[in-house]
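Chain residues, written in single-letter form:
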Amino acid sequence: MVELKFKLHLVSCNSVNPDTIFANNETSLHDIEIYGFDYDYTLAFYSSHLHTLIFNIARDILIQEHRYPAGLREYEYIPDFVVRGLHYDVQKALLMKIDAFHYIQLGTVYRGLHPVPDKEVIAMYEGSHVPLEIMSDFYGKSSHGHTMKQFMDIFSLPEMTLLCCVNDYFMKHNIDYEPVHLYKDVKEAIGDVHVKGIMYRAVEADIEKYICYGEQTHAVLRKLSENGKKMFLITNSPFDFVDRGMNYIVGKDWRSLFDVVIVQADKPGFFNDRRKPFRRVTDKGVLLWDRIHHLEKGQIYKQGNLYEFLRLTGWRGSKVLYFGDHIYSDLADLTLKHGWRTGAIIPELRKEIKIMNTPDYVHTMTWLQSLTGLVEQMQVHRDPASQAVVQQWIKEREHMRSRTKDIFNGQFGSLFRTYHNPTYFSRRLSRFADIYMASLSCLLKYDLQHTFFPRRTPLQHESPFWPEQTCVNAMNLPIE
Ligand SMILES: [Mg+2]
C-alpha cells in the first residue's frame, strides 16, 4: 500500500502532457508574425498504412526491376521494427543506434532481422566508437565511399525495414551478395515510389485511409489566420498531391490561408543554392516562363531558393517560425545560416511520453537512478564484502538499463536516448530546433502570446543546485 502510494505520487509529479510544446531555446510566439510549414508529416500526418504501402511497392520494384529473388514476397512490413535516426553501415550491412558522442549503443546493432552479439560488434569496430570521418555527412547522407547513412525521414521507416528484410533473406538462404549494391538498389526502389508518383497516386485515390488528424491541422491554420498571422508553405511534394491533401484537410479555399505556396522546392538545396529561380505553375500543372518579380497570394510556385524568397518577401530573422519534421532538410540551415526560428514536429514524442508516464516506467527509472547513486557512493569501499554488494548492484543496474530500452522499442529503444546519453538524433534536435512537439495541434493549447522557456537543467559542475546529488558527489571524493 505504501509502495503504491509512493508510485502514484511519483506518477502525478512526473506526468508530462503529450500535447506540451518543449523549448530548447526561449521562444515567444508574441514575436512571431509569419508562420511557415513543410507539408508531409507537418501539415499532413499519415497513417501507418502509408508505410506498408511504400514497403510493398519498393519490395515489388526490387523483384520486378532489379531482379531480386521472388521469395522476398514472403516479407511483409513490420511496424515498429525500427525507429527513426538510426545509422546504417553500408559496407557491413548493419543497422544501429549511435549516441551523441558517436558511440554505438551495444545491443542495438542488427544484421537483417537479428541482433549482432556485442563481442562481434566490438571486434568489427575495434570498440564501439565510430570515428567522425566515417559518419554520415551533415544531411545524414552516406559519404566518403559509402560508409554510414543516418535515416532521419519518417518516410525512411519502410526503407530501413526493407533493408533488414532483404539482408535477412540473403543470409537465411546463404546467398553471396554485395551490401553496397543492396543499399543502392533499396534506396532507388524507395525513391521510385516517390519520384514515379506511385505513392502520390495511391494516397490521392484513398485519402481518408492515409491522412489523419486533418481537422486539427485545419484548426491550427484557422487560429493563426484569425490572429492576423501570415503563412506560407514550402514543400518538396508536387502541387497536385498537396492540393488534393489540403482540399481534404482544409477545404477548396485552402490557398486563401497562405500568402506564399512553394512546391517541389528541393529542400535542403532550396536553403543553399542561390541559382534556382522560382517558376510559376498553373492549376493544371503547366510551367510558365515569366520572370518572377513578386510572390503573389493564390499563385503556386515551384523550386526557387531561400535567398530569393527573403528578397521578395522581406521575411527575415526571428519574426519567422518554420515548422518541419526533418531536422536536417527542414531546420538545420534555417537555424545555422538564416536565423529563422524553428519548430520540429516529432510524432514519436506522443507515444514515448505516454510510456514515460506509466507507473512501471517511473518505478524502473527511480530504482535505476537510486542504484546508480548507490554504486557511485559505495564503490570507494574496497573490502571484498562491500565490493561483492557493489558488483551485485552493477549487475542489477545492467538489467534495469535493458528494461528502460525495451519498454520503448524491443530492438532499438527510445528515439531520444541510448541507455543514459542522448542519441545522435537528440543532439541534432536540440541544436536545430528552437521548439519541438508531437504535432502541430499542440499549438491549439497555447495562446499566441505564449513564451516557451527551456528548463534550466544542471550542467555537470552545477550539482550544488541539485540537492540529492550533492552529498553523493561529496562522499565520492577519494580521501587523501
Ligand atoms: Mg516533411
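Residues numbered from 1 in each chain as written. Predicted model: local features only at pLDDT ≥ 70, side-chain atom pairs only at ≥ 80, totals over all residues.

The name given to the protein chain in an unreviewed UniProt entry is 5'-nucleotidase domain containing 3, with Denticeps clupeoides as the source organism. The heading Sequence similarities (unreviewed entry) in the UniProt record of the protein chain holds the text "Belongs to the 5'(3')-deoxyribonucleotidase family." (UniProt positions renumbered as here; feature names shortened; annotations may be inferred.)

Quick look at the nonpolar core now. Judged by nonpolar contacts, the single largest core of 111 residues is most densely connected at Ala58, Leu95 and Val186. Among all residues touching valine 186, those that are not within four sequence positions of it are Ala58, Leu62, Glu159, Leu162, Leu163 and Val166. (Core = buried A, V, L, I, M, F, W, Y, C linked by C-beta atoms within 7 Å. Buried ≥ 20, exposed ≤ 12 C-beta atoms within 10 Å, placed from the backbone. Contact = placed C-beta atoms within 7 Å.)

Okay, the domain arrangement of the protein chain next. Interface size, as often reported, equals the accessible area lost upon joining of the parts. Per the domain assignment, the segments making up the protein chain are domain 1 (24–46 + 210–347) and domain 2 (49–204). At the junction of the two partners, domain 1 supplies 13 residues and domain 2 supplies 10 residues. Considering every element that reaches the side of domain 1 that touches domain 2, the biggest residue donor is helix α12 (residues 327–338), with three residues. Each residue belonging to the side of domain 1 that touches domain 2 can be placed in one class, and the counts come to nine nonpolar, two polar and two charged. (Domains from an automatic or database assignment. Helix = DSSP H or I, 4+ residues; strand = E, 2+ residues; numbered from the N terminus. Nonpolar A, V, L, I, M, F, W, Y, C, P; charged D, E, K, R; others polar.)

This part takes up helix α4 (residues 156–172). Look at α4: 24 Å from first C-alpha to last across 17 residues, which is about the 24 Å you get at 1.5 Å a residue. Of all 17 residues that make up α4, 12 are buried, and the element is covered over most of its length. Considered for burial, the residues of α4 that qualify are Ser156, Leu157, Pro158, Glu159, Met160, Thr161, Leu162, Leu163, Cys164, Cys165, Val166 and Asn167. Phi turns positive one or two residues past the end of α4, at asparagine 174, with a value near 50°. (Expected span 1.5 Å × (residues − 1).)

Here we take up the sheet that holds strand β16 (residues 341–345). Picture the strands of a sheet paired through backbone hydrogen bonds; they go either parallel or antiparallel. Pairing in this open sheet of nine strands is mixed, and the strands run β1-β17-β16-β15-β3-β11-β12-β14-β13 from one edge to the other. Of all strands in the sheet, those with a lone pairing partner are β1 (22–23) and β13 (278–281), marking the two edges. As judged from the three bridges shared by strand β11 (residues 230–234) and strand β12 (residues 260–263), these two strands associate in the parallel manner. Among the inter-strand pairings, isoleucine 234 is bridged to a residue of β12, identified as isoleucine 262. On the sheet, α12 packs against β15 (320–324) and β16 and is oriented at approximately 165° with respect to β16. (Pairing = 2+ DSSP bridges. Axes fitted to C-alpha atoms, helices over the stretch in contact; angles between N-to-C directions.)

This paragraph deals with the packing of α4 against helix α5 (residues 179–195). Taken N-terminus to C-terminus, the directions of α4 and α5 make an angle of 140°; their axes are 10 Å apart at the nearest point. With respect to each other, α4 and α5 are oriented oblique. In the crossing of α4 with α5, the sense of the turn from one axis to the other is right-handed. Touching Glu159, Leu162, Leu163 and Val166 of α4 are Leu182, Tyr183, Val186 and Ile190, all from α5. Class assignment for the residues of the contact of α4 with α5 results in seven nonpolar, no polar and one charged. (Parallel < 35°, antiparallel > 145°, perpendicular 65-115°, else oblique. Left-handed = near helix turned anticlockwise from the far one by under 90°.)

What follows deals with the UniProt feature "active site" (unreviewed entry) in the protein chain. In the UniProt entry, the feature "active site" (unreviewed entry) is given for Asp38 and Asp40. With respect to the secondary-structure elements, aspartate 38 resides in the loop between β3 (34–37) and β4 (45–46). In this structure aspartate 38 touches Ile234, Thr235, Phe323, Gly324, Asp325 and Asp330, once residues within four positions along its chain are discounted. Relative to the helices and strands, aspartate 40 is located in the loop between β3 and β4. If we ignore the near neighbours within four places in the chain, the residues touching aspartate 40 are Thr235 and Ser237.

With that settled, the discussion passes to the environment of lysine 92. One can find lysine 92 in the loop between β5 (87–89) and β6 (94–96). For lysine 92, a count of 17 C-beta atoms within 10 Å gives the class partly exposed. Measuring from C-alpha to C-alpha, the distance between lysine 92 and proline 179 comes to 6.8 Å, with 87 residues separating the pair along the chain. Filtering out sequence-adjacent residues up to four positions away, lysine 92 remains in contact with Met124 and Pro179.

This part covers the pairing of β11. Across four bridges, the pairing between β3 and β11 is parallel. By the bridge assignment for β11, tyrosine 35 is matched with methionine 231. The handedness of the β11 to β12 crossover, carried by helix α9 (residues 239–249), is right-handed. (Right-handed = clockwise from strand over helix to strand, strands pointing away.)

Mapped onto the elements, glycine 251 comes out in the loop between α9 and β12. A residue is classified by how many C-beta atoms lie within 10 Å of it, and glycine 251, with 11 of them, is exposed. Taking the C-alpha atoms as reference, glycine 251 lies 10 Å from glutamate 215; in sequence the two are 36 residues apart.

Here we come to the confidence of the model for the protein chain. Here the protein chain shows a mean pLDDT of 90. Residues at 70 or above account for 91%. Note on residues 1–12: pLDDT is under 50 here. Beyond four places in sequence and across chains, it has eight contacts. Low pLDDT (under 50) marks residues 469–480, which in the prediction has 12 contacts with non-local residues, meaning those over four places away or in another chain. (pLDDT = per-residue confidence, 0-100.)

That bond from lysine 267 to proline 268 is cis: its omega, 5°, falls within 30 degrees of zero. Its place among the elements puts proline 268 in the loop between β12 and α10 (269–272). Despite not being glycine, glutamate 126 has its phi angle at roughly 50°, a positive value. Not every positive phi belongs to a glycine, and tyrosine 213 is a case in point at roughly 55°.

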